[in-house]
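# Understanding the architecture of this molecule
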Amino acid sequence: MPSPHQSDRRAPLGLVALVAAAVGACGDAPERASDIAAPELHQAEGDRDATPPVARGREIFRHDTFGDEQFWTDTLRLHEVIASAVDPLTALAVGLKVDAEALPPGILDEVDLTDPATTVALLSLDAVLGVRGTVSADGELEAVGITCALCHSTVDNSVAPGIGRRLDGWPNRDLDVGAIVALSPALPDEVKAVFTSWGPGRYDAYFNQDGINDPVLIPPAYGLRDVARETYTGEGPVSYWNAYVAVTQMHAQGSFRDPRLGIDIRQEPDLVKEKLLPLRLYQFSLQAPPPPAGSFDLAAAERGRAVFAGKGRCAQCHVPPTFTDAPALHAPEETGMDPVLASRGHTGGYRTTPLRGAWQHPPYFHDGSAATFGDVVDHYDGVLALGLSPAEKADLVEYLKSL
Ligand code: HEC
Ligand code: HEC
């Protein structure tokens with residue numbers, strides 16, 4: 001049955017080609033050979049030692065919804081909103097990203113970026129990072145679900161802003177998750193008000209558990225291989241957190257139980273559990289991106305290294321090579337942090353953030369309270385009464401840029 005909103009519209013040529021390519025390229029098979037085989041510069045290290053479980057983990061990270069359509073479609077009915085009101089320009093404006101490698105060459109010059117049907121066509125190509133659409137043969141969007149890549153990947157903008165090659169593990173700090181969820185026709189206004197208060201790059205992974213509205217910055221999922229505890233509050237190892245997010249936040253079909261948080265969700269068959277190992281291996285294969293050439297002053301960074309280890313006392317907690325002392329945790333007042341988030345998990349403290357690829361993802365601290373490295377250094381200079389000179393501060397900033 002053709003969807004009513006499309007019945008009176010004649011699809012432009014480009015769109016027809018796009019849909020045809022989608023049907024031809026994907027059919028029912030979610031896996032594209034290029035996903036497994038394509039060498040990717042930004043992940044050269046990870047890919048070099050890629051074993052089948054790692055490649056499978058990448059597939060899961062990018063494309064697996066774990067059956068969470070039961071929430072995004074059946075409960076939130078976001079498929080209806082997307083098909084009727086979310087054209088590609090709107091999608092890009094709320095921070096969604098398009099995988100240029102999933103598109104037929106030249107297609108973007110032909111399609112109408114102000115037509116929601118183009119969004120549906122992009123979904124049928126699996127070209128929108130972290131959003132999976134099920135599209136019928138006549139172009140109707142029947143279901144949508146989300147994947148890990150929604151929040152934890154972005155693109156290199158090589159084709160246009162928001163359109164390019166995937167960068168897995170990079171936090172999508174443009175993504176306005178709250179604004180997207182608030183599009184749902186199924187939510188009461190007071191809940192929508194909470195979601196729309198978050199803004200780009202932020203998400204609250206406990207709001208639907210404890211009702212407290214205190215969003216945090218989406219962190220990178222790269223550079224975690226040797227880090228003992230995951231999340232800002234060090235809730236647990238990576239698979240613990242992956243299971244928590246999949247089941248309680250993405251609303252995957254799976255089971256998650258943590259008596260400390262009073263959560264006991266059981267759903268059979270469990271579409272999450274068996275994927276946690278390859279998913280973990282893939283995350284651990286993601287290296288932090290090195291700083292761009294020429295982005296910091298080498299000599300100043302060398303002097304800054306000495307400040308970091310000495311007068312600045314940074315290395316007491318940010319212990320090289322991981323730049324964290326996890327599994328140790330720190331009370332909020334030790335580093336002058338806002339205490340709310342620490343009081344919501346079960347640990348009561350903050351994990352020293354590993355400074356992997358820190359240049360890549362300002363602002364800093366879990367709540368984004370430091371806009372720049374300069375703000376970070378000023379914060380510690382005050383809280384720890386370090387007495388750093390302007391030159392020492394500047395050198396420390398150059399060192400942070402080099403990590
Ligand atoms: C809706 C956005 C969203 C989605 C989807 C999402 N995450 Fe996250 N993720 C977050 C946020 C926000 C945090 C920070 C939570 C905290 O520390 O309190 C986080 C934390 C993490 C961390 C910890 C990073 C660190 O520094 O310790 C990892 C690893 C991670 N997520 C992996 C995943 C995986 C794997 C999936 C898919 C199963 C996933 N995430 C799905 C938003 C998301
Ligand atoms: C007592 C332990 C401790 C000391 C000393 C310390 N840090 Fe931290 N650092 C932390 C903790 C804990 C966090 C996480 C805070 C949060 O996100 O709320 C953090 C977060 C950061 C971040 C934010 C990273 C991100 O991605 O958000 C930066 C940057 C940083 N510290 C740099 C420094 C520098 C520079 C120094 C020295 C001047 C320093 N730290 C000293 C424990 C410490």
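This text follows the structure it describes.
All values derive from a computational prediction rather than experimental measurement.

About the thresholds
- Residues numbered from 1 in each chain as written.
- Chains lettered and ligands numbered in written order.
- Predicted model: local features only at pLDDT ≥ 70, side-chain atom pairs only at ≥ 80, totals over all residues.
- Near = placed C-beta within 6 Å.
- Helix = DSSP H or I, 4+ residues; strand = E, 2+ residues; numbered from the N terminus.
- Nonpolar A, V, L, I, M, F, W, Y, C, P; charged D, E, K, R; others polar.
- Axes fitted to C-alpha atoms, helices over the stretch in contact; angles between N-to-C directions.
- Parallel < 35°, antiparallel > 145°, perpendicular 65-115°, else oblique.
- Contact = placed C-beta atoms within 7 Å.
- Buried ≥ 20, exposed ≤ 12 C-beta atoms within 10 Å, placed from the backbone.
- Pairing = 2+ DSSP bridges.
- Expected span 1.5 Å × (residues − 1).

## Some points on the site of ligand 2
Surrounding ligand 2, one finds 24 residues, the nearest of these being Gly312, Cys314, Cys317, His366 and Tyr380. Going through the elements one at a time, α17 (373-383) and α18 (390-401) are the ones with two or more residues in the shell around ligand 2.

## A closer look at the site of ligand 1
Taken together, 24 residues form the shell around ligand 1, and within it Cys148, Cys151, Glu230, Thr231 and Tyr232 come nearest. Elements represented by at least two residues in the shell around ligand 1 include exactly α10 (149-152), α14 (238-249) and α15 (276-285). At five residues, the largest contribution of residues to the shell around ligand 1 is made by α14. Grouping the amino acids of the shell around ligand 1 by side-chain chemistry returns 19 nonpolar, four polar and one charged.

## Some details on the packing of helix α5 (residues 52-63) against α15
One way to put it is that α5 packs onto α15 with a least axis distance of 7 Å and a crossing angle of 95°. Here α5 is positioned roughly perpendicular relative to α15, judged by the angle of their axes. Seen from α5, the contacting residues are Pro53, Val54, Arg56, Gly57, Arg58, Ile60 and Phe61; seen from α15, they are Leu277, Pro278, Leu279, Leu281, Tyr282 and Ser285. Split into classes, the residues belonging to the contact of α5 with α15 amount to nine nonpolar, two polar and two charged.

## What about the pairing of strand β2 (residues 131-135)?
Of all five residues in β2, four are buried; the element is thus mostly enclosed. Sheet topology note: the β2/strand β3 (residues 141-146) ladder contains five bridges and is antiparallel. By the bridge assignment for β3, Val131 is matched with Ile146.

## Remarks on the environment of Asp156
Relative to the assigned elements, Asp156 resides in the loop between β4 (153-155) and β5 (163-164). Considering only alpha carbons, one finds Asp156 and Leu167, 11 residues apart in sequence, at a separation of 6.7 Å. Non-local contacts of Asp156, meaning those with residues more than four positions away in its chain, are made with Gly164, Arg165 and Leu167.

## Describing α14
Its 12 residues place the ends of α14 15 Å apart at the C-alpha level, agreeing with the 16 Å of an ideal helix rising 1.5 Å per residue. Inspection of α14 places Val238, Asn242, Ala243, Tyr244, Ala246, Val247 and Gln249 among the buried residues, and these make up the whole buried set. If you follow the buried residues of α14, they end up packed against β9 (256-258), β10 (263-265) and α15. Phi turns positive, to about 65°, at His251, one or two residues after α14.

## Brief notes about the packing of helix α7 (residues 78-85) against helix α9 (residues 116-124)
α9 packs onto α7 with a crossing angle of 125° between their chain directions and a minimal axis gap of 6 Å. By the criterion of interaxial angle, the relationship of α7 to α9 is oblique. The residues of α9 that touch α7, namely those facing Ile82, Ala83, Ser84 and Ala85, are Pro116, Thr119 and Val120. Broken down by class, the residue content of the contact of α7 with α9 amounts to five nonpolar, two polar and no charged.

## Thoughts on the environment of Ile218
Tracing the chain through its elements places Ile218 in the loop between β8 (216-217) and α14. C-alpha of Ile218 to C-alpha of Leu175: the two residues are 43 residues apart in sequence and 9.3 Å apart in space. Once you skip the residues sitting within four places of it in the chain, Ile218 turns out to touch Cys151, Pro171, Asn172, Arg173, Gly201, Arg202 and Tyr203.

## As for the environment of Arg58
Within the fold, Arg58 resides in helix α5. In sequence terms Arg58 and Ser285 are 227 residues apart; their C-alpha atoms lie 9.5 Å from each other.

## Here's the deal with unusual backbone geometry
Note the cis peptide between Pro320 and Pro321, where omega equals 5°. Looking at the element boundaries, Pro321 is found in the loop between α16 (298-309) and α17. In this structure, Pro363 follows Pro362 across a cis peptide bond, with omega equal to -5°. Inspection of the secondary structure puts Pro363 in the loop between α16 and α17. Even without glycine at this site, Arg77 takes up a positive phi of about 55°. Residue Arg77 is classed as partly exposed on the basis of its 16 C-beta neighbours within 10 Å.

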